[in-house]
Amino acid sequence: MDDKDMGTDLKSVLITEEEINAKLAELAAAIDEEYAGKDLLIIGVLKGAVMVMADLARALSTPVTMDWMAVSSYGAGTQSSGVVRILKDLDTDIKGKHVLIVEDIIDSGLTLSWLLSNLGSREPASLNVCTLLRKPEAAKVAIDVKWVGFDIPNEFVVGYGLDYAERYRNLRFVGTLAPHVYGG
Ligand SMILES: O=P(O)(O)OC[C@H]1O[C@H](OP(=O)(O)OP(=O)(O)O)[C@H](O)[C@@H]1O
Ligand SMILES: Nc1nc2[nH]cnc2c(=O)[nH]1
Ligand SMILES: [Mg+2]
């Protein structure tokens, strides 16, 4: 799908496909520089980070291995449930490895702060975070995010991996939802 297929469910395009690609190239260059000569394991947080993982991994020159973790902190709507649980753990032991967590979005920061403490306790050689999007709420939580693509306003966004009730993940851009979709 592209922005010609916005239909009536989307209010606006916040970040275009071209802007996403340019930003990922920028982030990849910085990540390549940081991990030059090192083995890097990138960990995607399912399901939202699937698109960022796929495109960021291909933008990198550094050889990487990939693993996935699924955690849950949200219900089917737009509100945080406040509870994080592991739905799928890593397949690999990260002890002694250089690890980069890849996220689509940091909102309350709850998912990430929990992940950082969980993965940190497994004794990786290093642990960093790259997120495509960050909302203002995240600034209130003391989490160290090394690479951020875009700081965005406090609106519910969909597309490029991000869903509303599991829909819209396959949009090539990031957009905001029309209020009628979520009963607003
Ligand atoms: O900073 P927070 O307030 O914790 O929110 C961010 C998290 O919420 C979303 O995932 P979600 O749990 O909705 O699952 P999904 O990735 O499968 O869509 C998003 O992909 C982040 O992982
Ligand atoms: N789809 C989506 N998931 C989120 N999780 C936390 N914030 C958001 C958001 O704005 N959109
Ligand atoms: Mg997610």
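Anything mentioned here points back to the structure above.
Read on for an overview of the structure. No experiment lies behind these values; they were computed from the predicted model shown.

**Focus on the site of ligand 1**
Here comes step 1: Taken together, 16 residues lie near ligand 1, and E103, D104, D107, S108 and T111 sit nearest.
Here comes step 2: Separating an oxygen atom of ligand 1 from a backbone N or O atom of D107 is a distance of 2.8 Å.
Here comes step 3: T111 is positioned with one of its side-chain polar atoms (N or O) 2.5 Å from an oxygen atom of ligand 1.
Here comes step 4: Its free accessible area being 500 Å², ligand 1 has 89% of it covered by the protein chains.
Here comes step 5: With four residues, the top contributor of residues to the shell around ligand 1 is strand β5 (residues 98-106).
Here comes step 6: Here the residues of the shell around ligand 1 are counted per class, giving five nonpolar, five polar and six charged.

**Some points on the site of ligand 2**
Here comes step 1: With respect to spatial proximity, nine residues lie near ligand 2, and among them D107, K135, F156, V157 and D163 are the closest.
Here comes step 2: The contact in question runs from a nitrogen atom of ligand 2 to an N or O atom on the side chain of D107, over 2.9 Å.
Here comes step 3: For ligand 2, an oxygen atom lies 2.7 Å from a polar atom in the side chain of K135.
Here comes step 4: Within the shell around ligand 2, the residues separate by chemical class into five nonpolar, no polar and four charged.

**Quick look at the environment of W147**
Here comes step 1: Following the sequence through the fold, W147 ends up in strand β7 (residues 147-151).
Here comes step 2: For W147, a relative accessible area of 9% puts it in the buried group.
Here comes step 3: Sequence separation between W147 and E33 is 114 residues, and the spatial gap between their C-alpha atoms is 13 Å.
Here comes step 4: Those residues in contact with W147 that lie beyond four places of it in its chain are L27, A30, I31, E34, Y35, L100, N128, V129, C130 and T131.

What counts, and at which threshold
- Residues numbered from 1 in each chain as written.
- Chains lettered and ligands numbered in written order.
- Predicted model: local features only at pLDDT ≥ 70, side-chain atom pairs only at ≥ 80, totals over all residues.
- Heavy atoms only, no water.
- Near = heavy atom within 4 Å.
- Polar contact = N/O pair within 3.5 Å; in protein donor to acceptor, adjacent residues only side chain to side chain.
- Areas by Shrake-Rupley, 256 points an atom, 1.4 Å probe, with all protein chains shown as cover.
- Helix = DSSP H or I, 4+ residues; strand = E, 2+ residues; numbered from the N terminus.
- Nonpolar A, V, L, I, M, F, W, Y, C, P; charged D, E, K, R; others polar.
- Buried < 20%, exposed > 50% of the residue type's maximum accessible area, 1.4 Å probe, protein only.
- Contact = heavy atoms within 4.5 Å.

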